[in-house]
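Notes for the structure review
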Amino acid sequence: MEITLSTGKKVTLREKKGQHRFIEKRLMATCMGEGGQNLGGIMTALTISSIVSIEAINGEKVSIPTDISQIFELMSNFEYDEWNEFELKSAPKEVQDKLEELAKNSQPSPGFGTE
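Residues numbered from 1 in each chain as written. Predicted model: local features only at pLDDT ≥ 70, side-chain atom pairs only at ≥ 80, totals over all residues. Heavy atoms only, no water.

**Digging into helix α1 (residues 18-31)**
An α-helical turn contains 3.6 residues, so a residue and the one three or four places further along point in the same direction. Put simply, the rule is: Segments assigned H or I by DSSP are reported as helices when at least four residues long, segments assigned E as strands when at least two residues long, and all are numbered from the N terminus. Given a helix with a known number of residues, its expected span is that number minus one, times 1.5 Å. Relative accessibility decides the category of a residue: with a 1.4 Å probe and only protein chains considered, values under 20% of the type maximum give buried, values over 50% give exposed, and everything between is partly exposed. Directions from the helix axis toward the C-beta atoms define the arc.
Its 14 residues give α1 an end-to-end C-alpha distance of 21 Å, which sits within 8% of 20 Å, the value for a rise of 1.5 Å per residue. Every buried residue belonging to α1 is among H20, E24, L27 and M28, and all of these are buried. When α1 is viewed along its axis, its buried side chains cluster within an angular range of 105° and face the same direction. Of the exposed residues in α1, those oriented more than 90 degrees away from the buried face are G18, F22, K25 and A29.

**Things to note about the pattern of salt bridges**
Applied cut-off: A side-chain nitrogen of Lys or Arg and a carboxyl oxygen of Asp or Glu constitute a salt bridge if their distance falls within 4 Å.
Summed over all chains, the structure comprises five salt bridges. One salt bridge in this structure joins E82 and K9, with 3.0 Å as the shortest N-O distance. Taken together, the residues span a long stretch of sequence, with E82 in helix α4 (residues 80-90) and K9 in the loop between β1 (2-4) and β2 (10-13) at a distance of 73 residues. There is no split in this pair, since E82 and K9 are both buried.

**Notes on the packing of aromatic side chains**
Stated precisely, the cut-off is as follows: Pairing of aromatic rings covers Phe, Tyr and Trp, the last counted by its six-membered ring, and requires centre-to-centre distances within 6.5 Å; plane angles under 30 degrees mean stacked, over 60 mean edge-to-face, and any other angle means tilted.
Inspection of the entire model under this criterion finds three aromatic pairs. Both rings, one in F78 and one in W83, keep their centres 5.0 Å apart while their planes meet at 80°; by these two values the pair is edge-to-face. You can call F78 buried: its relative accessible area is 8%. Assessed through its relative accessible area of 8%, W83 is described here as buried. Between W83 and F86, the aromatic rings sit 5.3 Å apart at their centres with planes inclined by 55°, giving tilted as the arrangement. Here W83 pairs with F86, and both are found in helix α4, just three residues apart, close to one helical turn.

**Some details on the pairing of β2**
Cut-off, in case you're wondering: At least two bridges found by DSSP between two strands are what make those strands a pair.
Only one face of β2 is buried, namely the one carrying V11 and L13, since none of K10 and T12 on the opposite face is buried. By the bridge criterion, three bridges tie β1 to β2 in an arrangement that is antiparallel. Within β2, the residue paired with I3 across the bridge is V11.

**Let's talk about the side chain of E24**
This is how the line gets drawn: Contacts: residue pairs with any heavy atoms within 4.5 Å of one another.
On the secondary structure map, E24 appears in helix α1. We classify E24 as buried; its relative accessible area is 5%. Look past the residues within four positions of E24 in its chain and what remains in contact with it is K16, I48, S49 and V52.

**A few points about the nonpolar core**
Put simply, the rule is: In this description, a nonpolar core means a group of buried Ala, Val, Leu, Ile, Met, Phe, Trp, Tyr and Cys residues linked to one another through side-chain atoms lying within 4.5 Å.
Core analysis: the largest hydrophobic core is formed by 17 residues, its most contacted members being V11, I48, I54, F78 and F86. At three residues, the largest contribution of residues to this core is made by helix α2 (residues 39-53).

**Describing the confidence of the model for the protein**
Which entries qualify depends on this criterion: The pLDDT score gives, residue by residue, the confidence of the prediction method on a 0 to 100 scale.
Looking at the protein as a whole, the pLDDT averages 82, with 81% of positions reaching at least 70. For the protein, the element scoring lowest by mean pLDDT is helix α5 (residues 93-105), at 75; strand β4 (residues 60-61) scores highest, at 97.

**Here we look at the side chain of S53**
Its location among the elements puts S53 in helix α2. With sequence-adjacent residues up to four places away left out, S53 is seen in contact with T12, L13, R14, K16 and F86.

Have a look at this one:
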């Protein structure tokens, strides 16, 4: 599958297999601190899943990162807004739905912050 971002950048996604789940969990353990299923944890899982899914950027093959410095190196191929767009477009539907639900539930209640 190929995703074309609004900037014209093309990102080819790899077909994930069983070993990719292990790689994702290992990278999440490296990047994520203590905590439960909060919005930050889900966002980190989405980022790692997106990183592992990248097979090529503009036709140039990339390796799956094995540590945080390689994660930063891979992500440096994207502008800030490009990465956000890529994550949203590459996320599975159930993840997108969960993020929307969490975002709605985490909004401040009416009158919050008013004087």
